[in-house]
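This is what each chain is made of:
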Amino acid sequence: MEKELERYRKTIQLQTVLFAAAAVIVMALIALSLTQMIRPAYANERWASAWNGFICGVSLSAVGIMALGIVLNARALRSQPYLKKQYIREHDERSMEICHRSGHTSYWFDALGLLLGAIIGGYFNPVVALSCLGCLLYICLVRAAPKLYYHKKL
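The structure displayed is predicted, hence computed values, not measured ones. (Residues numbered from 1 in each chain as written. Predicted model: local features only at pLDDT ≥ 70, side-chain atom pairs only at ≥ 80, totals over all residues. Heavy atoms only, no water.)

Moving on to the packing of aromatic side chains. If you walk through the whole model with that rule in mind, you get 4 aromatic pairs. Pairing Tyr8 with Tyr87 gives two aromatic rings, centres 5.3 Å apart and planes at 70 degrees, and the pair type is edge-to-face. Of the two residues, Tyr8 is situated in helix 1 (residues 2-34) and Tyr87 in helix 3 (residues 80-90); the sequence distance between them amounts to 79 residues. Take Tyr8 and Tyr87: they sit in the same class, and that class is buried. When the centroid spacing of 5.1 Å and the interplanar angle of 65 degrees are considered together, the rings of Tyr107 and Trp108 count as edge-to-face. Residue Tyr107 is classed as buried on the basis of its relative accessible area, which comes to 15%. Chaining the aromatic ring pairs together yields one cluster made of Trp47, Trp51 and Phe54. (Phe/Tyr/Trp six-rings, centres within 6.5 Å; stacked < 30°, edge-to-face > 60°. Helix = DSSP H or I, 4+ residues; strand = E, 2+ residues; numbered from the N terminus. Buried < 20%, exposed > 50% of the residue type's maximum accessible area, 1.4 Å probe, protein only.)

Before going further, it helps to examine the environment of Gly53. Tracing the sequence through the fold places Gly53 in helix 2 (residues 45-78). Given the relative accessible area of 42%, Gly53 is considered partly exposed. Distance in space between the C-alpha atoms of Gly53 and Leu34 is 7.9 Å, their sequence separation being 19 residues.

Moving on, we get to the side chain of Thr16. In this fold, Thr16 is placed in helix 1. Discounting chain neighbours no more than four positions away, the residues touching Thr16 are Ile70 and Asn73. (Contact = heavy atoms within 4.5 Å.)

Before going further, it helps to spend a moment on the pattern of salt bridges. Should their charged atoms come close, side chains of opposite charge can pair. Evaluation of the coordinates by the stated rule reveals 1 salt bridge. Between Glu45 and Arg39 there is a salt bridge, with its nearest N and O atoms 2.9 Å apart. For Arg39, a relative accessible area of 35% gives the class partly exposed. (Salt bridge = Lys/Arg side-chain N within 4 Å of Asp/Glu carboxyl O.)

Moving on to helix 5 (residues 104-122). Between its first and last C-alpha atoms helix 5 spans 27 Å; for 19 residues at 1.5 Å apiece the expected length is 27 Å, and the two agree. All buried positions along helix 5 are accounted for by Tyr107, Ala111, Leu114, Ala118, Ile119, Gly121 and Gly122. Of the surrounding elements, those touching the buried residues of helix 5 are helix 2 and helix 6 (126-153). (Expected span 1.5 Å × (residues − 1).)

On the surface, Arg75, Arg78, Lys85 and Arg89 cluster together to form a positively charged patch. Elements that contribute at least two residues to the positive patch include exactly helix 2 and helix 3. Within the secondary structure, Arg78 is located in helix 2. (Patch = residues over 30% accessible without salt bridge, like charges linked within 9 Å, V, L, I, M, F, W, Y side chains within 5 Å. Areas by Shrake-Rupley, 256 points an atom, 1.4 Å probe, with all protein chains shown as cover. Lys, Arg positive; Asp, Glu negative; His and termini not counted. Charge placed at Lys NZ, Arg CZ, Asp CG, Glu CD.)

Spelled out as structure tokens, the structure:
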């Protein structure tokens, strides 16, 4: 068990560094969005303002989630009992089976790909961005249904 915990500790350290680097990059995107250095190519000023606000909100949410991850990882790295508790929670067989049956791995590719498509598309055409966001909402709702089902069934 000690070898697995040490390997998990290294994984958490790497994850913390990646979270910090990604948070810095996303905060740069927030700054560019707020200063309107990056503006949609679409000529409508109302859309440009709304889109910059959307990008700022999504980016701020992402930074918040990464900051929470950094805090939880730092807490686990400082405390051996909390590290063990987090390791057990992450490697729980029931949770892993629920994730497997509900398509957890493919969900992240779909969701992040559509979010990236919506963000990039929003700078060129509002219809593309809103279509991608609608599809993303649908995928998220469809993903939640099997997860809730298997939570009750297993």
